[in-house]
Amino acid sequence: MHLGKRLAAIVLTCGLSAGLVGCGFHLKGTNPSSAPVAYSVMNLALPANTDDLQEKLAIYLGATGVQLSNSPNAYVLRVLDYTPRRLELNGKLVETLLRLSVTFRIEDAQGHPITEPRTVIATRSYQYDIETVNTDDQEQVFLKQVLIDDIAQQIARQISSNRLPLANTDSSAPAK
């Protein structure tokens, strides 16, 4: 009887595992080879006052196998535009919409674009009662960090999965 329970547990485990594999499930790992070879050594070039984004990018790019370096041969992840926005809708409750838009591209060591500029956007909103203003400040600070984290993850995923369109370097194309 003990053997029957053990056999049932093994069959159930194998059946569930086969079901997960069959539906396409796989664990997301941190494989150092997941970053394209061309972008495996990179330097960050961000505008002033974006230290939080630079810190998060260092963490997430490092986890995907990108080595950050100031080497003269390193590719450059250049942030072209960093635009935080805050919109308020007033009523009985105040609803605040926070949006962060970041445009970036990858350049070679000489500053020539390798990829087309890509914009990623993160948005969060929250509501608060006008009588509890201190809650607004605390929630806004927290959500700004969430937005920065989200943007850094999006950029790292796009670089590691090589989903960035290459820059048009065709010199025979007519000028516009």
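Everything numeric here is computed off the predicted structure, so don't read it as measured data.

*Asks:* What is the right way to read unusual backbone geometry from this model?
*Replies:* Generally, phi is negative for residues other than glycine and the peptide bonds are trans, each holding for most cases. In this model, Asn 49 sits at a positive phi of 65°, which is unusual for a non-glycine residue. Position of Asn 49 relative to the elements: it lies in the loop between strand E1 (41-45) and helix H2 (51-63).

*Asks:* Even after reading the chapter, I still don't get the pairing of E1, so can you show me in this structure?
*Replies:* Each regular strand displays side chains that alternate between the two surfaces of the sheet. In E1, alternate side chains face the same way, and those of Met 42 and Leu 44 are buried while those of Val 41, Asn 43 and Ala 45 on the opposite face are not. In this structure, E1 lies alongside strand E2 (residues 67-68), joined through two bridges in parallel fashion. From the neighbouring strand, Val 41 faces E2, where its bridge partner is Gln 67. In the classification by handedness, the crossover that spans E1, the intervening H2 and the parallel E2 is right-handed.

*Asks:* Before we go on, may I ask you to explain the nonpolar core in this structure?
*Replies:* Taken as a class, soluble globular proteins show a tendency for nonpolar side chains to be buried jointly. Counting 29 residues, the largest nonpolar core has Leu 57, Leu 77, Ile 155 and Ile 159 as its most contacted members. Those elements giving two or more residues to this core turn out to be E1, H2, strand E3 (75-89), strand E4 (94-107), strand E5 (118-128) and helix H3 (133-160). Ranked by the residues each element gives to this core, the list is headed by H3, at eight residues.

*Asks:* In this structure, what is going on with the sheet that holds E3? I would like to understand it.
*Replies:* Sheet strands pair via backbone hydrogen bonds, and the direction of the pair is either parallel or antiparallel. Taken in spatial order, the five strands line up as E2-E1-E3-E4-E5 in an open sheet, and their pairing is mixed. Of all strands in the sheet, those bounded by a partner on one side alone are E2 and E5. Sheet contacts for H2: E1, E2, E3 and E4; angle to E1, the most-contacted strand, approximately 170°.

*Asks:* Mind showing me how you'd approach the side chain of Gln 158 here?
*Replies:* Structurally, the position occupied by Gln 158 is in helix H3. A polar atom in the side chain of Gln 158 sits 3.0 Å from the side chain of Arg 118. Ignoring sequence-local partners within four residues, the contact set of Gln 158 consists of Phe 104, Arg 118, Val 120, Arg 163 and Leu 164.

*Asks:* Any chance you could explain the confidence of the model for the protein chain here in plain terms?
*Replies:* Low-pLDDT portions of the prediction should not be read for the details of their coordinates. In the predicted model, the protein chain carries a mean pLDDT of 83, and the fraction of residues at 70 or more is 80%. Confidence over residues 171-176 falls short of pLDDT 50; this stretch has zero contacts with residues more than four positions distant or in other chains.

*Asks:* Teacher, can you tell me more about the environment of Leu 46 here?
*Replies:* Among the secondary structure elements, Leu 46 is positioned in the loop between E1 and H2. Accessibility expressed as a relative area gives 18% for Leu 46, which makes it buried. The spacing of Leu 46 and Asp 81 is 35 residues in sequence and 8.9 Å in space, taken between C-alpha atoms. Not counting chain neighbours up to four residues away, the residues in contact with Leu 46 comprise Leu 53, Gln 54, Leu 57 and Val 79.

What counts and how
- Residues numbered from 1 in each chain as written.
- Predicted model: local features only at pLDDT ≥ 70, side-chain atom pairs only at ≥ 80, totals over all residues.
- Heavy atoms only, no water.
- Helix = DSSP H or I, 4+ residues; strand = E, 2+ residues; numbered from the N terminus.
- Buried < 20%, exposed > 50% of the residue type's maximum accessible area, 1.4 Å probe, protein only.
- Pairing = 2+ DSSP bridges.
- Right-handed = clockwise from strand over helix to strand, strands pointing away.
- Core = buried A, V, L, I, M, F, W, Y, C linked by side-chain atoms within 4.5 Å.
- Contact = heavy atoms within 4.5 Å.
- Axes fitted to C-alpha atoms, helices over the stretch in contact; angles between N-to-C directions.
- Polar contact = N/O pair within 3.5 Å; in protein donor to acceptor, adjacent residues only side chain to side chain.
- pLDDT = per-residue confidence, 0-100.

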